[in-house]
Amino acid sequence: VTVMQRLTIHVLTLFPDIIDHYAKYGIVRRSVERELVQIHTVNIRDFTEDRHRTVDDTPYGGGAGMIMRADVLARSLESVSKSNDAGKVILLTPQGRTLTQTLANELSISGTFTLICGRYRGIDERFCERYVDDELSIGDYVLSGGEPAAMVVIDAVTRLVPGVMNDFESGLDDSFQNDLLDCPWYTRPVEFEGMTVPDVLMGGDHKKIECWRHEQSILRTKQRRPDMMKKYSTDK
Ligand code: SAM
């Protein structure tokens, strides 16, 4: 009997609609429908205590931009941990370690985690010190908010949850999944603007096809990502 692993992702954000909307499409939607993944958004603004529902304030010491308040963030996180397990609390920040396929794999079997989306200049450091277990970045560039990063994490992680992808679309040969880039792929029509499909793919010899695809993966990785190739050669 296979026990399906469920994953719960809590997302603290000022714009829950962005995340909820994204969860209505494709593989993320299917994972939710199959009850393999639960995506629970929390609107940080619901945890303000003033008439204006203020979530940010000017920085001590001066400077441009606004800072998200630690107390409001703490209350919104407590709303999760009070009724559920919040799991690992992950702040999305350009200063975190970069998301990789290995990290996505780890998160996909972690059971529960909580993503925190920042906005403005950033968030009060004391909140990070007290509540944040890990910091993740999606790359060396600065977004105006953590929501696109949360969608990237949710997408990359959700598709890896056991049972989410069908066998035929199994991501085992996806780029990075086996330390190589994926091979090139072709579909109908057989001729496109004077270009044809490699003969081997039309021949029906599945062993040969498998060999060709593996060779192509290695070739591509060598050409496009020599850094990955070095690691691949050492590991193998
Ligand atoms: N002042 C911050 C810094 O330089 O580290 C950047 C703040 S950014 C304008 C606002 C929010 O967007 C951040 O709090 C974070 O949640 C999110 N963000 C921006 N770039 C990101 C990235 N590369 N990866 C993940 N989250 C990011």
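Structure's up top.
Report follows, based on the coordinates. Keep in mind it's a predicted model, so treat the numbers as computed, not measured.

We now examine the site of the ligand. Surveying the vicinity of the ligand reveals 19 residues, the closest of which are Leu 92, Gln 95, Gly 118, Arg 121 and Tyr 141. Tyr 141 places a polar main-chain atom, nitrogen or oxygen, 2.9 Å from a nitrogen atom of the ligand. For the ligand, an oxygen atom lies 3.5 Å from a polar atom in the backbone of Gly 146. Bound to the protein, the ligand loses 84% of the 580 Å² it would expose on its own. Listed by contribution, the elements that provide at least two residues to the shell around the ligand are strand E5 (88-98) and strand E8 (134-137). Counting residues per element, the shell around the ligand draws most heavily on E5, at four residues.

So, about the packing of helix H4 (residues 101-108) against helix H6 (residues 147-158). It is the contact of H4 with H6, at a shortest axis distance of 8 Å, that shows an interaxial angle of 75°. Comparing their axes, H6 and H4 come out roughly perpendicular. Residue-level contacts link Ala 104, Leu 107 and Ser 108 of H4 to Val 153, Ala 156 and Val 157 of H6. A per-class count over the contact of H4 with H6 returns five nonpolar, one polar and no charged.

Now for the sheet that holds strand E3 (residues 56-57). Here three strands make up an open sheet; going across it, the order is E3-E4-E7 and the pairing mixed. Where the open sheet ends on each side, the last strands, each with one partner, are E3 and strand E7 (122-123). The sheet contact formed by strand E4 (residues 67-68) and E7 spans two bridges and is parallel. Residue pairing across strands places Ile 67 opposite Gly 122, the latter belonging to E7.

Moving on, we get to the pairing of strand E6 (residues 112-117). Most of E6 sits out of view: six of its six residues are buried. Burial of the side chains of E6 extends over both faces: Thr 112, Thr 114 and Ile 116 are buried on one face and Phe 113, Leu 115 and Cys 117 on the other. Pairing of strand E1 (residues 7-13) with E6, which is carried by five bridges, proceeds in the parallel orientation. Looking across to E6, one finds that Leu 12 is bridged to Ile 116. Pairing of E5 with E6 involves five bridges; the strand directions are parallel. By the bridge assignment for E6, Leu 92 is matched with Cys 117. Between the parallel elements E5 and E6, the chain passes through H4 in a crossover that is right-handed.

Let us look at the side chain of Thr 114. Along the chain, the position of Thr 114 falls in strand E6. Of the residues examined, Thr 114 reaches a relative accessible area of 0% and is grouped as buried. Looking at Thr 114, its side chain comes within polar contact range of the main-chain oxygen of Ala 86, at 2.7 Å. Other than its neighbours up to four places away in sequence, Thr 114 contacts His 10, Leu 12, Leu 77, Val 80, Ala 86, Lys 88, Val 89 and Ile 90.

One way to put it is that helix H8 (residues 206-224) packs onto helix H9 (residues 226-235) with a least axis distance of 5 Å and a crossing angle of 125°. One finds that H8 runs oblique with respect to H9. Contacts from His 214, Ile 218, Thr 221, Lys 222, Gln 223 and Arg 224 in H8 reach Pro 226, Met 228, Met 229 and Tyr 232 in H9. For the contact of H8 with H9, a count of residues per class yields five nonpolar, three polar and two charged.

The rules we used
- Residues numbered from 1 in each chain as written.
- Predicted model: local features only at pLDDT ≥ 70, side-chain atom pairs only at ≥ 80, totals over all residues.
- Heavy atoms only, no water.
- Near = heavy atom within 4 Å.
- Polar contact = N/O pair within 3.5 Å; in protein donor to acceptor, adjacent residues only side chain to side chain.
- Areas by Shrake-Rupley, 256 points an atom, 1.4 Å probe, with all protein chains shown as cover.
- Helix = DSSP H or I, 4+ residues; strand = E, 2+ residues; numbered from the N terminus.
- Axes fitted to C-alpha atoms, helices over the stretch in contact; angles between N-to-C directions.
- Parallel < 35°, antiparallel > 145°, perpendicular 65-115°, else oblique.
- Contact = heavy atoms within 4.5 Å.
- Nonpolar A, V, L, I, M, F, W, Y, C, P; charged D, E, K, R; others polar.
- Pairing = 2+ DSSP bridges.
- Buried < 20%, exposed > 50% of the residue type's maximum accessible area, 1.4 Å probe, protein only.
- Right-handed = clockwise from strand over helix to strand, strands pointing away.

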